[in-house]
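# A closer look at the structure
These are the residues of each chain, in order.
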Amino acid sequence: MSYSAVGGGTGHSHPHAGGKPHRHAHHTAVHEHTHGHDHEHDHLAAFADGQGPAGTDVSGRRESRMVQIERDILAKNDSYAAENRHRFDEQGIFALNLVSSPGSGKTTLLCRTIEMLKARVPIAVVEGDQQTSRDAERIRATGVPAIQINTGKGCHLDAHMLGHALHQLSPVDDSLLMIENVGNLVCPAAFDLGEAHKVVILSVTEGEDKPLKYPNMFHAASLMLVNKIDLLPYVSFDGDLAISYARQVNPALQVIQVSATTGEGLAEWLAWLMAGCAARQEKKQATMASLRRRIAELEAMLPAAARG
């Protein structure tokens, strides 16, 4: 079932580039989310170059206004992202934002990962696409809960969309949440969802220079998965060069080379995921222990306060 953000329910609006308000309706008892997001913002880099929508020149006051709108949109998104992050911290959820170009093999890799990991940790998935629920259906076929967000004309997920999805999906404590973003190496880089890490997937069927062409995404990511390495004998792709370019952009970037088809590299990928889950759960337990100590200290002070 899909629904569009119109009709019943409560909602709110926020401005997008051009000053046009965009209304979000709040729905609860549904399985899919269709988000008719007509993003006119071309992001700060475009404005800084003096280029507006459709390549028109924007200068002076108009440019300043558009940059301010973009900043306001990102600031509002960051507020929602903070709410999501607080929820993840409280529940000990390890949330990942999977980003890539279309056709990188994200969904196939995700399905293979779930099949290998679901007996070890609870998993939930949020799928982002402009249209259809095909990827969410593929994920559900693995036996884990998934919700589809359709963004319409929108080029990325944002933290507000994810917040609604979390309300419906209700991921359990100490779980792994995988967010498969819309296939796009530009827009998702600017939008924090509250995730622990962005994981960028680069397939060997793409060019080695993708990290140089789309540096913001590779700079924002913590891990790069070089996918489809089983195809290396059949394509012209220099893996060492691709990794070198990626680390020019982000020297701290971790890299794992994988194949969802043959399983090569998946053990290292799964170990990375499990380490992240364990660290998140330890952080949650440490926070709870600290709160319990503070409560005990306050309770111990009560008799003395009463005597005084």
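Residues numbered from 1 in each chain as written. Predicted model: local features only at pLDDT ≥ 70, side-chain atom pairs only at ≥ 80, totals over all residues. Heavy atoms only, no water.

## A short note on the environment of N97
- Within the element layout of this structure, N97 appears in strand β4 (residues 94-100).
- Apart from residues no more than four positions distant in its own chain, N97 is found in contact with I179, N181, F191, L193, E195, H197, K198 and V199. (Helix = DSSP H or I, 4+ residues; strand = E, 2+ residues; numbered from the N terminus. Contact = heavy atoms within 4.5 Å.)

## Topic: the packing of aromatic side chains
- Under the counting rule described, the total for this entry stands at two aromatic pairs.
- With 6.0 Å between their ring centres and 50 degrees between their planes, F94 and W272 make a pair best called tilted. Within this pair, whereas F94 is found in strand β4, its partner W272 is found in helix α9 (residues 266-307), the two being separated by 178 residues in sequence.
- The exposure class assigned to W272 is buried, which follows from its relative accessible area of 13%.
- Seen in terms of ring centroids, W269 and W272 are 5.9 Å apart; in terms of plane orientation they differ by 15 degrees. Their pairing is stacked. (Phe/Tyr/Trp six-rings, centres within 6.5 Å; stacked < 30°, edge-to-face > 60°. Buried < 20%, exposed > 50% of the residue type's maximum accessible area, 1.4 Å probe, protein only.)

## Section: helix α3 (residues 106-117)
- With 12 residues, α3 extends 16 Å between its outermost C-alpha atoms, agreeing within 8% with the 16 Å of an ideal straight helix rising 1.5 Å per residue.
- Turning to α3, its buried residues are K106, T107, L109, L110, C111, T113, I114 and L117. (Expected span 1.5 Å × (residues − 1).)

## Side note on the nonpolar core
- The biggest cluster of nonpolar side chains holds 29 residues, and the ones touching the most others in it are L96, L176, M178, W269 and L273.
- The set of elements that each furnish at least two residues to this core consists of β4, α3, β5 (123-129), β7 (176-180), β8 (197-203), β9 (223-227) and α9.
- When sequence neighbours within four positions are dropped, the list of residues in contact with L176 reads F94, L96, L117, V121, P122, I123, A124, L273 and C277.
- By size, the runner-up hydrophobic cluster in this structure holds 19 residues, among which are V200, V204, A221 and I229. (Core = buried A, V, L, I, M, F, W, Y, C linked by side-chain atoms within 4.5 Å.)

## Some thoughts on the layout of surface pockets
- Its boundaries defined by the atoms lining it, the second largest pocket holds a volume of some 190 Å³.
- Forming the walls of the second largest pocket are 16 residues, and the residues nearest its centre are P102, G103, K106, D129 and G183.
- Taken together, the elements giving at least two residues each to the lining of the second largest pocket come down to α3 and β5.
- The greatest single-element share of the lining of the second largest pocket, amounting to three residues, is contributed by β5.
- Looking at the lining of the second largest pocket residue by residue, the class counts come to two nonpolar, nine polar and five charged. (1 Å grid on protein atoms, 1.4 Å probe; cavity = no way out; pocket = protein on both sides within 12 Å on 5 of 7 lines; lining within 4 Å. Points joined across faces, edges and corners; volume = space filled by probe spheres on them. Nonpolar A, V, L, I, M, F, W, Y, C, P; charged D, E, K, R; others polar.)

## Here's the deal with the state of the cysteines
- Applying the stated criterion across every chain, the model contains one disulfide.
- One disulfide bridge connects C155 with C187, the sulfur atoms lying 2.5 Å from each other. Measuring the twist about the S-S bond at about -100 degrees, one finds the C155-C187 disulfide to be left-handed. You can see C155 sitting in the loop between β6 (146-150) and α5 (159-169) and its partner C187 sitting in the loop between β7 and β8, a full 32 residues away along the chain.
- By relative accessible area, which is 9% here, C187 ends up buried. (Disulfide = S-S within 2.5 Å.)

Such coordinate-based values are descriptive only and should not be taken to indicate function.
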